[in-house]
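# Close look at the chain arrangement
Letter by letter, the chains look like this.
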Amino acid sequence: MIEQLRPGANALRARVALFDFDGTVSLIRSGWMDVMVPMLVEALAETKSGESEEELTRVVREFVARLTGRQTIYQMIELADQIRARGGAPRDPLEYKHEYLRRLWVRIESRIGDLRAGGDPAKYQVPGTVPLLEALRARGLKLYLASGTDDPYVQDEARLLGIHHYFDGGVFGALDDYKTFSKAILIQRIIANSEAAGEEFLGFGDGYVEIENVRQVGGVTVGVATDEPDCQRVDEWKRDRLAGVGADYIVPSFADHAALLARLFPE
């Protein structure tokens, strides 16, 4: 199912395509929110604020979703701010980030091991990813991959998935010096280098950030509302948030990539 939210939106002028990673092309970290949200709720509950677990979960889900697509550290900075607002004394956000990554590794270690042992990469790709990337490259678009996940992990996982080489513009992940890189900075760098004007961007993502950043410069966006890990239907929670920040199209995956391409590049 392809939902078109902005009549007439097309990518006929596109020269650059910017992709998010987790949940947009990769399923290696599928379920990451089920690791992060309980951990952050647990940290907030330690403030003894009097809020119920349900109330704290609503708070955490809101800011985790709002910051999805930015570097993971921003979610941990927000956690520290929320703890402080409740009278608590937060740890350094980097400590929370490292604990989250430790817990996430427990969930995904077997997936990484499977890929390293020669397992089928398609099991961990959003359906239709490779044909879509090949079609965009065939049209002459320059492809970029940018993720809020730490750069070494993104580089490694993109290679394990067999898609790293499609991104001739580069693969970028979060840096320890988190203020020196973001998707918005990358977009402005591409524009400044005269690779593409803002309206010549085509963006794909399952989070607020990449959709918002590409729309802000006048590009066309595809919100990937993946209901992970099956990706057979639209996740309505994701859909509403992606629509709210200006996604032009909503898809559950790229399984129907031919129909999506026909909409983006009408004859």
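Residues numbered from 1 in each chain as written. Predicted model: local features only at pLDDT ≥ 70, side-chain atom pairs only at ≥ 80, totals over all residues. Heavy atoms only, no water.

All right, on to the overall build of the chain then. Helices and strands together make up the secondary structure of the chain, namely 10 helices and 7 strands. For 267 residues, the compact-globule estimate of 2.2 N^0.38 gives 18 Å, and the C-alpha radius of gyration of the chain, at 18 Å, lies within 12% of that figure. Taking the principal axes of its C-alpha atoms as reference, the chain extends roughly 60 × 40 × 35 Å. In the chain, which comprises 267 residues, the share counted as buried stands at 53%. When contacts within the chain are restricted to residue pairs at least 6 apart in sequence, those whose partners lie at least 24 apart make up 72%. Of the roughly 11,700 Å² of accessible surface on the chain, 48% is carried by carbon and sulfur atoms. The averaged location of the 42 negative side-chain charges in the chain is 2 Å from the averaged location of its 32 positive side-chain charges. (Helix = DSSP H or I, 4+ residues; strand = E, 2+ residues; numbered from the N terminus. Rg over C-alpha atoms; globule rule 2.2 N^0.38 Å. Buried < 20%, exposed > 50% of the residue type's maximum accessible area, 1.4 Å probe, protein only. Contact = heavy atoms within 4.5 Å. Areas by Shrake-Rupley, 256 points an atom, 1.4 Å probe, with all protein chains shown as cover. Lys, Arg positive; Asp, Glu negative; His and termini not counted. Charge placed at Lys NZ, Arg CZ, Asp CG, Glu CD.)

Turning our attention to the pairing of strand S2 (residues 16-19). Of the two faces of S2, the one carrying Val16 and Leu18 and the one carrying Ala17 and Phe19 are both buried. Sheet topology note: the S2/strand S3 (residues 142-150) ladder contains 4 bridges and is parallel. Bridge pairing in S3 places valine 16 opposite lysine 142. Relative to strand S5 (residues 201-205), S2 runs parallel, the two being bridged by 4 bridges. What sits directly across from valine 16, in S5, is phenylalanine 201. (Pairing = 2+ DSSP bridges.)

What the 7 strands build is an open sheet, ordered S1-S7-S6-S5-S2-S3-S4; its pairing is mixed. The two strands at the open ends of the sheet, each matched to only one other strand, are strand S1 (3-4) and strand S4 (170-174). Against the sheet, helix H6 (residues 151-160) contacts S3 and S4, and its axis sits at roughly 130° relative to S3. (Axes fitted to C-alpha atoms, helices over the stretch in contact; angles between N-to-C directions.)

What follows concerns the packing of aromatic side chains. Taken as a whole and judged by the stated rule, the model has 5 aromatic pairs. For the ring pair tyrosine 144 and phenylalanine 172, a centre distance of 6.3 Å and an interplane angle of 20° mean the geometry is stacked. A residue pair is termed long-range when its members are at least 10 positions apart, and tyrosine 144 in strand S3 and phenylalanine 172 in strand S4 qualify at 28 residues. A relative accessible area of 4% places tyrosine 144 in the buried class. One aromatic cluster is present, built from ring pairs that chain together Phe19, Phe167, Phe204 and Phe254. Its guanidinium or amino end placed over the ring of tyrosine 74, arginine 70 lies 3.7 Å from that ring's centre, counting from NZ or CZ. (Phe/Tyr/Trp six-rings, centres within 6.5 Å; stacked < 30°, edge-to-face > 60°. Lys NZ or Arg CZ within 6 Å of the ring centre and 35° of its normal.)

On to H6. For H6, the complete set of buried residues consists of Val154, Gln155, Glu157, Ala158 and Leu160. On its buried side, H6 packs onto helix H4 (93-116), S3 and S4. Looking one or two places after H6, you find glycine 162, whose phi comes out positive at around 75°.

In this section: the pattern of salt bridges. One pass over the full model with this rule turns up 26 salt bridges. A salt bridge links glutamate 51 to arginine 86, with the shortest nitrogen-to-oxygen separation between them at 2.7 Å. Within this pair, whereas glutamate 51 is found in the loop between helix H1 (32-45) and helix H2 (53-67), its partner arginine 86 is found in the loop between helix H3 (72-85) and H4, the two being separated by 35 residues in sequence. Between arginine 116 and aspartate 156 there is a salt bridge whose closest N-O contact spans 2.6 Å. Taken together, the residues span a long stretch of sequence, with arginine 116 in helix H4 and aspartate 156 in helix H6 at a distance of 40 residues. (Salt bridge = Lys/Arg side-chain N within 4 Å of Asp/Glu carboxyl O.)

Contact pair H3 / H4: the axes reach a minimum separation of 8 Å and the direction vectors enclose 120°. In terms of axis orientation, H3 runs oblique to H4. Considering how the two elements wind past one another, H3 and H4 form a crossing that is right-handed. Here Thr72, Ile73, Met76, Ile77, Leu79, Ala80 and Ile83 of H3 come into contact with H4, specifically with Pro93, Leu94, Tyr96, Lys97 and Tyr100. Partitioned by chemical class, the residues of the contact of H3 with H4 number 10 nonpolar, 1 polar and 1 charged. (Parallel < 35°, antiparallel > 145°, perpendicular 65-115°, else oblique. Left-handed = near helix turned anticlockwise from the far one by under 90°. Nonpolar A, V, L, I, M, F, W, Y, C, P; charged D, E, K, R; others polar.)

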